[in-house]
Amino acid sequence: MFHFLLPKGAPFFELLIKQNDILCAVASSLAELLRDHTLVDEPHRKISLLEEEADGIYLTLTRHLSQTFITPIDREDILHINKAQEEAINFMQNMANRLYIFEFDRIRFPMLQLGRTLNGMTVLVGSMLRGLSRKRDSHDSRAFRVLHEESEMLLSMGLVELHDLPNPTTTDLLDMHKWSQTYDRMELVIASVVDLAQAIEEAVLKNV
């Protein structure tokens, strides 16, 4: 009779996918912010609202994990994916805040392309997560790695371009400092999405 006293199974995958939808929406808004830096208010506001919604899902998932006896996959995997998605969203919001504060007069091409690449990476992660929810391998891991390699190349290109000034002025040096911090933030964003993809891949290997 004891099993009747246990909490009913929580909708873990439903919540993880909803959290992932927010992650993709934040990445899309960040790419939008980079596409047109003159219209930063709306995407920045949207990212802040989405981050607040994501916080609620993160806490709900954490609470369900502490109250549910049976989970669809190992609770360590659910915890890792939940935490990785939350951290990726937080890093993206920090990136958006930095762009909003710095008010760049133009967006450098490597950073613009990084926004598009990041957007593509989050879409693939979403596909991987949905595959896991159906106990199937979406086979998007290779495509994700290609985009990851592209992001590393773009980060290197951006930093090289940034320091390729023969006689920088004081204004140039200030701009260089701002962009260096911004590239550092983007590197953290990329790393957090890679960690998320790895968390999902590990769960796929165990369950598919």
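Please read these numbers as outputs of a predicted model, since none were measured by experiment.

(A) Up close: the overall build of the protein. Scanning the protein from N- to C-terminus turns up six helices and zero strands. Start at the N end of the protein and walk to the C end: the helices and strands fall as α-α-α-α-α-α. Once the C-alpha set of the protein is aligned to its principal axes, its extents read approximately 80 × 35 × 20 Å. Classification of the 208 residues of the protein by burial places 45% in the buried group. Of the contacts formed within the protein by residues at least 6 apart in sequence, a portion of 85% connects residues at least 24 apart. Of the charged side chains in the protein, 21 are positive and 31 negative; the average position of the first set lies 7 Å away from that of the second.

(B) Representation of the packing of helix α1 (residues 12-35) against helix α2 (residues 41-67) within the structure. Running from N to C, α1 and α2 point in directions that differ by 160°, and their axes come no closer than 9 Å. Classified by the angle between their axes, α1 and α2 sit roughly antiparallel to one another. Pair α1 / α2 crosses with left-handed handedness. Class assignment of the residues belonging to the contact of α1 with α2 gives a composition of 16 nonpolar, five polar and four charged.

(C) Layout of unusual backbone geometry. One non-glycine residue, Glu-103, adopts positive backbone phi at about 50°. Positionally, Glu-103 belongs in the loop between α3 (75-102) and α4 (109-133). Glu-103 gets classed as exposed once you look at its relative accessible area, which sits at 65%. Of note in this structure, Lys-135 is not a glycine but carries a positive phi near 60°. Checked against the element boundaries, Lys-135 lands in the loop between α4 and α5 (141-162). A relative accessible area of 39% places Lys-135 in the partly exposed class.

(D) Spotlight on the packing of α4 against helix α6 (residues 170-207). Closest axis-to-axis distance for the α4/α6 pair is 10 Å, and the angle between their directions is 15°. The angle between α4 and α6 falls in the class roughly parallel. α6 is crossed by α4, and the crossing has left-handed handedness. For the contact of α4 with α6, the residue count by class is 21 nonpolar, four polar and one charged.

(E) Seen up close, the packing of aromatic side chains. Applying the stated criterion to the full structure yields three aromatic pairs. When the ring of Phe-104 is compared with that of Trp-179, the centres are 4.0 Å apart and the planes differ by 15°; the resulting orientation is stacked. In this pair, Phe-104 sits in the loop between α3 and α4 while Trp-179 sits in helix α6, placing the two residues 75 residues apart along the sequence. One exposure class covers both Phe-104 and Trp-179, and it is buried. Pairwise contacts between aromatic rings join Phe-102, Phe-104, Trp-179 and Tyr-183 into one cluster.

Reading the values: the criteria
Residues numbered from 1 in each chain as written. Predicted model: local features only at pLDDT ≥ 70, side-chain atom pairs only at ≥ 80, totals over all residues. Heavy atoms only, no water. Helix = DSSP H or I, 4+ residues; strand = E, 2+ residues; numbered from the N terminus. Buried < 20%, exposed > 50% of the residue type's maximum accessible area, 1.4 Å probe, protein only. Contact = heavy atoms within 4.5 Å. Lys, Arg positive; Asp, Glu negative; His and termini not counted. Charge placed at Lys NZ, Arg CZ, Asp CG, Glu CD. Axes fitted to C-alpha atoms, helices over the stretch in contact; angles between N-to-C directions. Parallel < 35°, antiparallel > 145°, perpendicular 65-115°, else oblique. Left-handed = near helix turned anticlockwise from the far one by under 90°. Nonpolar A, V, L, I, M, F, W, Y, C, P; charged D, E, K, R; others polar. Phe/Tyr/Trp six-rings, centres within 6.5 Å; stacked < 30°, edge-to-face > 60°.

All quantities given are derived from atomic positions and should not be read as evidence of function.
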